[in-house]
Amino acid sequence: MRTQMSNETDKLLDLQIEVIQISIYCDIVKNLLLKHRSISVIKIISFSFIIKKRQHLQGSVYKGNNKVDLVLKFLSQACGLFDELCEQMPYIFQAIDLLVKDGFCETHEGELVCSLTSQQKAVDYDAFTEAAIQESKSYSDRQFLREVISIV
């Protein structure tokens with residue numbers, strides 16, 4: 001009887017953790033799309049994972065005055081975290097799925113496109129993150145993914 005109750009409590013806690021993780025990623029993805037209107041799914045996965053890590057760590061060693069190789073520096077913050085990135089991917093995909101089902105965005109040829117035309121205000125991330133996202137727009141998805149794989 002006691003182990004059954006313990007198992008049910010563990011399942012409930014796991015479910016609560018999953019809901020919180022998905023909620024965090026929904027906020028991050030929504031913010032990114034409000035600000036940039038369209039970002040590839042590959043880039044959303046990487047950026048949302050690192051943004052979440054940066055929020056948890058209360059910032060990073062990089063600031064807005066960095067000007068060279070911003071994408072590579074941004075991705076370097078996930079160096080050695082490949083397993084954790086893989087563990088977080090289902091939450092990111094579920095967040096994207098929820099936002100698509102809710103009508104906030106739609107997918108088109110590997111891109112997430114914000115479909116809302118409301119004047120909802122996006123939260124600005126720090127200057128370094130914003131600059132890295134801007135620079136990533138010059139990367140093809142293939143090139144970006146190659147960098148993610150080599151760094152993470």
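Provided above is the structure to which this section pertains.
Since the structure is predicted, the reported quantities are computational estimates derived from the model, not experimental observations. (Residues numbered from 1 in each chain as written. Predicted model: local features only at pLDDT ≥ 70, side-chain atom pairs only at ≥ 80, totals over all residues. Heavy atoms only, no water.)

What follows covers the pattern of salt bridges. Counted by the stated rule, this structure contains four salt bridges. Among the ionic pairs, Lys35 bridges to Asp124, the shortest N-O distance being 2.5 Å. Of the two residues, Lys35 is situated in helix H1 (residues 2-36) and Asp124 in the loop between strand E3 (111-114) and helix H5 (127-136); the sequence distance between them amounts to 89 residues. Residue Lys35 is classed as partly exposed on the basis of its relative accessible area of 36%. Residues Lys53 and Glu84 are paired through a salt bridge, measuring 2.8 Å at the closest nitrogen-oxygen approach. Taken as a pair, Lys53 in helix H2 (residues 41-56) and Glu84 in helix H4 (residues 82-101) lie far apart in primary sequence, 31 residues in all. Since its relative accessible area comes to 19%, Lys53 is described here as buried. Take Glu84: its relative accessible area is 26%, and that puts it in the partly exposed class. (Salt bridge = Lys/Arg side-chain N within 4 Å of Asp/Glu carboxyl O. Helix = DSSP H or I, 4+ residues; strand = E, 2+ residues; numbered from the N terminus. Buried < 20%, exposed > 50% of the residue type's maximum accessible area, 1.4 Å probe, protein only.)

Attention shifts here to the sheet that holds E3. The three strands lie next to each other as E1-E3-E2, forming an open sheet whose pairing is antiparallel. Because the sheet does not close on itself, it has two edges, and the strands there are strand E1 (38-40) and strand E2 (105-108). On average, each strand axis in the sheet is inclined to that of its neighbour by 25 degrees, with strand direction left out of account. Of the pairings in the sheet, the one linking E2 to E3 comprises four bridges and is antiparallel in character. Within E3, the residue paired with Cys105 across the bridge is Cys114. Docked against the sheet, H4 engages E2 and E3, running at close to 110 degrees with respect to E2. (Pairing = 2+ DSSP bridges. Axes fitted to C-alpha atoms, helices over the stretch in contact; angles between N-to-C directions. Contact = heavy atoms within 4.5 Å.)

As a further point, take H4. Here H4 spans 28 Å end to end across 20 residues, near enough to the 28 Å set by a 1.5 Å rise per residue. Considering bend angle alone, the principal kink of H4 is centred on Gln88 and spans about 35 degrees; proline Pro90 follows within four residues of it. One or two residues past the end of H4 sits Gly103, with phi positive at roughly 85 degrees. (Expected span 1.5 Å × (residues − 1). Bend = angle between axes of the 7 residues up to and from the residue.)

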